[in-house]
Every structure is written in C-alpha cells, then in structure tokens.
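Residues per chain are reported as follows:
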Amino acid sequence: MARERLDKMLAGRGAGTRREAAARIRAGLVTVNGAPCRDPACKVDPDSDQICVDGIALRTRRERYFMMNKPAGVISATEDAKQQTVLSLLPEAERCGLAPVGRLDKDTVGLMLLTDDGALNHALTSPRRHVDKQYRALVSGHLDAEAPARFAAGLKLADGTVCRPAGLTIGECREDGLTEVLVTLQEGRYHQVKRMIAAVGGHVEVLERLSMGPLRLDGKLARGQYRALTEDEISELFRAVSGPE
Ligand code: URA
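Residues numbered from 1 in each chain as written. Predicted model: local features only at pLDDT ≥ 70, side-chain atom pairs only at ≥ 80, totals over all residues. Heavy atoms only, no water.

S.K.: Any chance you could explain the nonpolar core here in plain terms?
M.R.: For soluble globular proteins, nonpolar side chains are generally found buried alongside one another. With 30 residues, the main nonpolar core has Leu114, Phe151, Val181, Val183, Val193, Met196 and Ile197 as its most contacted residues. Only strand S7 (65–70), strand S9 (109–115), strand S10 (133–141), helix H5 (147–153), strand S12 (179–185), helix H6 (192–199) and strand S13 (202–212) provide two or more residues apiece to this core. In this structure, Met196 is in contact with Phe151, Leu155, Leu157, Cys163, Ala166 and Leu185, ignoring residues within four places of it in sequence. Membership of the second largest hydrophobic core comes to 19 residues, among which are Tyr65, Val131, Leu215 and Leu221. (Core = buried A, V, L, I, M, F, W, Y, C linked by side-chain atoms within 4.5 Å. Buried < 20%, exposed > 50% of the residue type's maximum accessible area, 1.4 Å probe, protein only. Helix = DSSP H or I, 4+ residues; strand = E, 2+ residues; numbered from the N terminus. Contact = heavy atoms within 4.5 Å.)

Printed below as a string of structure tokens:
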C-alpha cells in the first residue's frame, strides 16, 4: 500500500474535510502508532500504521459497515442456539466478525447497523456520546397530555429509573385506535421506549427504529434486507462520534 499524506488520508475516512483534518492533526488529536503527530504532511500507511483520531482507531479498508432493515422475530445477537439472529439473515461468508450496534427487541423492526469495527460500535452505543436514536411507535391506550414535557424533563420509570431528557411527538389517533408517536432517545436502556410509553399511560404495539445519529433507515430496504453503507454514511457516522466523550 502506498504511503499517503496524513491529512489527505484522514479526510477520506471520516475526519471531515482536508482542512478540518489538518486542524485536528495540528491540535494534537491524531496519533500515529501511539504518538501524537502534528504534521499534516506526514506520510503514513493506513494498512500498517495504527492511526487514532480523538482516541478512536481509524477505519481501515478491511472493516465493514451494513445497514439492515430488521424484521420482527429475529434477535439482535451474533449467534444463538435456538433463535434466528440478525446475522443469520446474511450469507455465511459475509458474517465473520460482524456484530449488531446496540440492541433491538425481538419484535422491534427497522434500522440495525452491523459492523466489525468495535471502536465505532462502542462509540455509537456509549451513553456518554449522546447519539440520538429515533423510533416510530404505534401506541394503544391514552397518553398523558403532559407526556412530551415529562419526556423532555427526564421521565421517571415505574422502577424509579430516571431517564435522560428525550423527545416525544404525538401524532393523530388513527382509524384503528392506535396513535403514532416519534420518540428520540440518547441512551439505550432495556425496553426503554416501551417502558417510557407505559409510564405515560400507553402501550407500544409496534416499534420501529428510524435512525441512529446521522444514519437513517433506507426506505428502499424491505424488512430483512441489508446493504453496505455508502462512504458518505460512514463518514457522517465517524463525524457524529468524533471529539472527546
Ligand atoms: N426501546 C424498546 O423498548 N425496545 C427496543 O427494541 C428499542 C428501544
């Protein structure tokens, strides 16, 4: 692999524009093989040099990123003796090393990111990073009129857990009696959307994840289908988690 200028190589891999990448290098936020490198013109080999930006290992060409439209009935795990997993929907040759980013319940559908990039997986799911996750839910029952304000203030769940401030937009009641709501969370507690909706008088009947940070579910993917992320989508994800935790 030919050696490349550090600023040019970073700009091609999610560290912003070349000028932004150079600014980060000069600020001492980039390390090459463990030592800060402040020279944007420094020549590096992305395949053999260990390069970190803000402490996160740089993506190399070997790492893979897929978006899946998760169907109901499969679990968010890499393998399971009894149940079908999100990875079992991929051809066997493609699965190696991939893991789901965050968990969705078995009956939850929608955006599931799969990658073998452990550093990005960790950064996207770290509660300290505050990455927004947006969900669409169909809800039965009668929601408290104060529910959006209670979500925004930090809702207390039935077990006493206090959630981070979250977004709630309540749509019209549909003909089938269900209400469509949009929920935006910055954390990922067990059954969190279901428990938050229950705390304000509703019951989640259908739950779909629409987005994770800048990544939005591709409406062209049918349930169970997946595709590789584009270079732009990968860069946006890296930008969303760059900077100190
Ligand atoms: N909240 C839930 O209740 N379930 C999910 O699958 C994701 C978020």
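S.K.: What should I look at first to understand the sheet that holds strand S5 (residues 51–53) in this one?
M.R.: Hydrogen bonds along the backbone pair up the strands of a sheet, which may run parallel or antiparallel. Strand order in the open sheet formed by four strands is S3-S2-S5-S6, and the pairing between neighbours is antiparallel. At either end of the open sheet lies a strand with only one pairing partner, and these are strand S3 (35–36) and strand S6 (56–57). Sheet topology note: the S5/S6 ladder contains two bridges and is antiparallel. By the bridge assignment for S6, Val53 is matched with Ile56. (Pairing = 2+ DSSP bridges.)

S.K.: Explain the pattern of salt bridges to me, please; I cannot follow it from the model alone.
M.R.: Side chains bearing opposite charge may pair, as long as their charged atoms lie close to each other. Counted under the stated rule, the structure contains 16 salt bridges. When salt bridges with common partners are traced through the structure, they connect Arg136, Glu180, Glu208 and Arg223 into a single cluster. (Salt bridge = Lys/Arg side-chain N within 4 Å of Asp/Glu carboxyl O.)

S.K.: Help me out: how do you make sense of the site of the ligand in this one?
M.R.: The full set of residues close to the ligand is Leu104, Asp105, Thr108, Tyr135, His191, Gln192, Val193, Lys194 and Leu207. In the model, an oxygen atom of the ligand is placed 2.8 Å from a nitrogen or oxygen of the Thr108 side chain. At a separation of 3.1 Å, an oxygen atom of the ligand approaches a polar backbone atom of Lys194. At a threshold of 2 Å from the grid points, most atoms of the ligand map onto the largest pocket. Among the elements that line the shell around the ligand, the one with the most residues is H6, at three residues. (Near = heavy atom within 4 Å. Polar contact = N/O pair within 3.5 Å; in protein donor to acceptor, adjacent residues only side chain to side chain. 1 Å grid on protein atoms, 1.4 Å probe; cavity = no way out; pocket = protein on both sides within 12 Å on 5 of 7 lines; lining within 4 Å. Sits in = over half its atoms within 2 Å of the grid points.)

S.K.: Just checking my understanding: could you explain the packing of aromatic side chains for this structure?
M.R.: To describe a pair of aromatic rings, one takes the distance between the centres and the angle between the planes. Summed over the entire model, instances satisfying the criterion amount to two aromatic pairs. Both rings, one in Tyr65 and one in Phe238, keep their centres 6.3 Å apart while their planes meet at 75°; by these two values the pair is edge-to-face. Taken together, the residues Tyr65 in strand S7 and Phe238 in helix H7 (residues 231–240) connect sequence positions 173 residues apart. A residue is classified by how much of its surface remains accessible, and Tyr65, at 3% relative accessible area, is buried. Look at Phe66 and Tyr226: their rings are 5.5 Å apart centre to centre, the planes differ by 85°, and that puts the pair in the edge-to-face class. Here the residue Phe66 occupies a position in strand S7, and Tyr226 occupies one in strand S15 (residues 226–228), the gap between them amounting to 160 residues. (Phe/Tyr/Trp six-rings, centres within 6.5 Å; stacked < 30°, edge-to-face > 60°.)

S.K.: Is there a simple way to think about the layout of surface pockets in this case?
M.R.: If a probe the size of a water molecule is rolled over the atoms, the empty space left behind becomes visible. Roughly 470 Å³ of internal volume is contained in the largest pocket. Along the wall of the largest pocket there are 21 residues; nearest its centre are Gly102, Arg103, Leu104, Gly188 and Arg189. Of all the secondary structure elements, the ones that give two or more residues to the lining of the largest pocket are S10, H6 and S13. In terms of residue count, the dominant contributor to the lining of the largest pocket is S13 (three residues). (Points joined across faces, edges and corners; volume = space filled by probe spheres on them.)

S.K.: Which parts of the structure should I look at to understand the pairing of S12?
M.R.: On a regular strand, one side chain projects to one face of the sheet and the next to the other, so that they alternate. Only one face of S12 is buried, namely the one carrying Thr179, Val181, Val183 and Leu185, since none of Glu180, Leu182 and Thr184 on the opposite face is buried. Sheet topology note: the S10/S12 ladder contains seven bridges and is antiparallel. Directly across from Ala137, in S12, lies its bridge partner Val181. With five bridges joining them, strand S11 (residues 167–173) and S12 adopt antiparallel strand pairing. From the neighbouring strand, Thr169 faces S12, where its bridge partner is Leu182. Between the end of S11 and the start of S12, which pair antiparallel, lie five residues, with Gly177 showing a positive phi angle near 90°.

S.K.: Looking at this model, I keep getting lost on the side chain of Glu187. Mind explaining?
M.R.: Along the polypeptide, Glu187 turns up in the loop between S12 and H6. Engagement of the side chain of Glu187 in a polar contact is seen with the side chain of Arg189, the distance being 3.4 Å. Here Glu187 is in contact with Lys133, Cys163, Arg164 and Gln192, once residues within four sequence places are set aside.

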